[in-house]
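Spelled out from the first residue to the last, the chains are:
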Amino acid sequence: MSFSRNGSLLATTCKDKQIRIIDPRTGDLIHSGKGHQGSKSSKVVFLGDHDRLLTTGFSRMSERQLAIWDKNDLSKPLKLDIVDSSSGILIPHYDYDSAIVYLAGKGDGNIRYYELVNNSPYVHYLSEYKSSSPQRGLGMMPKRGLDVMKCEITRFYKLHIVKGMVEPVSMVVPRKSEQFHVDLYPDTVGPLPALTADEWLQGADKDPLLISLKVGAQKKSYKPQVYRPGENPLDSKNLSNMKFKFVEQTHAVDYSATSTSVVKKNLENRKRMEESKEEGLSAFDSKRKNLDMDNIADIPESELRKAYFEQMEEIKSLKGEVALKDKQIQQLREELKNR
C-alpha cells in the first residue's frame, strides 16, 4: 500500500489481483482495476503529484513486470514492461525529489533505477547497481541525512540475507565540483508535520512542509523548533517564514576554555591519564619479560594470544595519540594563518 503525497488517497494491491484507490478517512472505494495477473505478490507506490501509480508484479508466465497507471483510470496500464524472469518480489522505492524509482528484488544482488517523465513512454531505464551478495530488503535514508557536498542523491541500507548485516549503498552523481548543486537537491520534506492528526481526520489536505538542504551544508549547529500539538505554529498566516524559523536560531560552537579553573582541571586530568598509562605500560613490560622467548614453544597458546592482544592495544593507543597530535598541529597552523 502507498499514500499519496498529501495523504488524501491510499493505493493498495491484493491477492485478488486488483489495484484499488481508497479514501483512507472513510474507507470508500474510489477506483479499482485489474493489476498483474501472476500468482505472486505485487507492490504499488504513488508517484508524487504526477497523478500516476507504479506497480511491480508478475505475469501469468512468472515474468517480473513494471507498470505505470493513471490513478483516475485503472482499466489498463499506461506502460507495461517485462523486467526479467527472476523469482524474487520487486519492491519499488520512489525518490520524489529526483523523480527516480529504484527496484530491488528480494534475493537479488542488484538495484535497478528508472527515471520517470510526464509523457510517453513515462519511464526510462537508467542503470543498475550490481552486487554478488543477495538482499533481504532495503531501507531508504531521508534526504536530510545525505552528504550533499559529495553529490549523494540516495542512500540505501541493504539487509544481507546470508551474513546478517546491514550495508550502506550510496547513489552518487559523478561531479567534480564540491559545491552545492541546486539541480540535484530541490527543497525536500522537512521534519515538521503539515497537519495534526485531528486536522487530517476532519478532511484537511496539505502537501508536506519543505526545507532547503543547502542550510545543512553550512558548518553551523541549529536549535530545532519544538513542535507541540497544543501550540500549532502552522496556523499562522505567515507560514513561509514560520517553517524556517528554526534555521535562524544559530549559535557558534565555542571550543575555548571559559575560566582558569577549567584549564587547571583539564591539566590535572591529562596528568592522571598519563600516569595511569605509564603504569599500564610498565605492567605490560613486566608481563612480556616473564615470557621466556627462548622456550616459546612451551608457552601456552592462551598466554601468547593474551600478549598479542595487549601489544595490539598498545599499538592502537599509540596511533591514536599520534593522530591527536597531528590534529592539534594542524589546528595550530590554521590559527597562525588566521592571525
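These numbers come from a predicted model, not from an experiment.

Parameters and conventions
- Residues numbered from 1 in each chain as written.
- Predicted model: local features only at pLDDT ≥ 70, side-chain atom pairs only at ≥ 80, totals over all residues.
- Heavy atoms only, no water.
- Helix = DSSP H or I, 4+ residues; strand = E, 2+ residues; numbered from the N terminus.
- Buried < 20%, exposed > 50% of the residue type's maximum accessible area, 1.4 Å probe, protein only.
- Contact = heavy atoms within 4.5 Å.
- Areas by Shrake-Rupley, 256 points an atom, 1.4 Å probe, with all protein chains shown as cover.
- Pairing = 2+ DSSP bridges.
- Axes fitted to C-alpha atoms, helices over the stretch in contact; angles between N-to-C directions.

Moving on, we get to the overall build of the protein chain. Helix and strand content of the protein chain: six helices and 19 strands. Buried residues in the protein chain amount to 30% of all 339 residues. Taking as baseline every contact in the protein chain between residues at least 6 positions apart, the subset at least 24 positions apart corresponds to 42%. When the accessible surface of the protein chain is totalled, it reaches about 22,300 Å², and 52% of it is carbon and sulfur.

Looking now at the sheet that holds strand β10 (residues 100-105). One open sheet accounts for four strands, arranged β9-β10-β11-β12; its pairing is antiparallel. The outermost strands of the open sheet, each flanked by one partner alone, are β9 (90-95) and β12 (123-129). Neighbour-to-neighbour, the strand axes of the sheet open up by a mean angle of 25°, direction not taken into account. Pairing geometry for β10 and strand β11 (residues 111-116), over five bridges, is antiparallel. Paired with Ile100 across the strands is Glu115, a residue of β11.

Once that is clear, we can look at unusual backbone geometry. Among all residues except glycine, the phi angle is most often negative; among peptide bonds, the trans geometry is most common. With an omega dihedral of 10°, the bond running from Ser120 to Pro121 counts as a cis peptide bond. With respect to the helices and strands, the residue Pro121 is situated in the loop between β11 and β12. Non-glycine residue Lys17 carries a positive phi angle of around 65°. Positionally, Lys17 belongs in the loop between β2 (10-13) and β3 (18-22).

On their own, these measurements won't tell you what the molecule is for.
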